[in-house]
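Tertiary structure, described
The lines below spell out each chain.
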Amino acid sequence: MNQLETILEKEKRTSYPQRKKELFRFYIITLINQEQASRKFKRKLWIWLLLITAGLFLLLSPISEMMNYLILNLKNIDTVDIFIMAAVSYGFLFVLMVLLKKRIAILS
Amino acid sequence: MESDEELVRRTLSEGSHHFGVLIQRYADYLFGLGMRLTSGNKELAEDISQQAFMRSFTYLKSFNSQKKFKHWLTGIAVNCYKDLIQKESQYLSLNIKDEPNYTPHLEGNTDFFNLIKPLNEDEKVLFTLKYVYEYQVNEIADLLNQKLGTVKSKLSRAVEKLT
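Residues numbered from 1 in each chain as written. Chains lettered and ligands numbered in written order. Predicted model: local features only at pLDDT ≥ 70, side-chain atom pairs only at ≥ 80, totals over all residues.

**Brief notes about the packing of helix 2 (residues 19–37) of chain B against helix 3 (residues 42–58) of chain B**
Residues and elements named next belong to chain B. The contact between helix 2 and helix 3 brings their axes to 9 Å, and the two run at 140°. Viewed along their axes, helix 2 and helix 3 adopt a mutual orientation that is oblique. Crossing of helix 2 over helix 3 shows right-handed handedness. Residues F19, I23, A27, L30, F31, G34 and M35 of helix 2 touch helix 3, and the partners they reach there are L44, A45, E46, I48, S49, A52, F53 and F57. Considered class by class, the residues forming the contact of helix 2 with helix 3 number twelve nonpolar, two polar and one charged. (Axes fitted to C-alpha atoms, helices over the stretch in contact; angles between N-to-C directions. Helix = DSSP H or I, 4+ residues; strand = E, 2+ residues; numbered from the N terminus. Parallel < 35°, antiparallel > 145°, perpendicular 65-115°, else oblique. Left-handed = near helix turned anticlockwise from the far one by under 90°. Contact = placed C-beta atoms within 7 Å. Nonpolar A, V, L, I, M, F, W, Y, C, P; charged D, E, K, R; others polar.)

See below:
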């Protein structure tokens, strides 16, 4: 028991200084900032993916509508209807893009 | 001198540069703890310290300011130690023939390292915290999220092994 106490007393007096503490601190802070930047980037990437998917969906839906319309009603094409439909779709897409851009600006 | 809790609050509200003060404050402490738990393996001790600081920053929002930051950080460092040991053992269990042998850089009070050699990881942690860092048993139970009775019984088993 006495020997155990002696070893423990010696160990309590032993110090283990972290070498190059200033550099270590700088390294950890850099790693932390790097991780934060990577997390932000991933979040932005997800938003852009969502934006692109929604955009493609909206962009393609009027085209397919137009194609169907053209195929079915080749004889009496009502171009006004097609333009209205396209204008509404692209308008909606524009609003969506503006909203998502605003959201990205808030996040960054 | 700003308190740890104040620095945590400022890190959360103003940015990671305030965390640098906490790193500076506890770098020696965590490195020392790592050295003791790994029996003087400098590389592993540095890894533990690094991981503990990184993890503590990630979970800083969950820090309860009613508790001591040092205790919370110690709990995280112990978890990092257990994770690293697990990874190391998985690595060592692989039969890699062409890899060069890894020789850890050992230094420190070898008497102490030899003393705690017969203890398992859990016992090493408890024994070191209790008898080198002089934590109270209830503090150890709190920072390791273990039951008081479990800590007591593991500690007495560890002491029994060493006497």
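**Considering the confidence of the model for chain A**
Overall, the predicted model of chain A reaches an average pLDDT of 84, with 93% of residues at or above 70. Across chain A, the element-wise mean pLDDT spans from 81 in helix 3 (residues 79–107) of chain A up to 89 in helix 1 (residues 2–13) of chain A. (pLDDT = per-residue confidence, 0-100.)

**Some words on the domain arrangement of chain B**
Residue and element names in this part refer to chain B. Each assigned domain of chain B is listed with its residue range as follows: domain 1 (1–108) and domain 2 (109–163). The interface is formed by eleven residues belonging to domain 1 together with eleven residues belonging to domain 2. The dominant element in the side of domain 1 that touches domain 2, judged by the number of residues it contributes, is helix 4 (residues 69–93), at six residues. Of the residues contributing to the side of domain 1 that touches domain 2, the split by class is three nonpolar, six polar and two charged. (Domains from an automatic or database assignment.)

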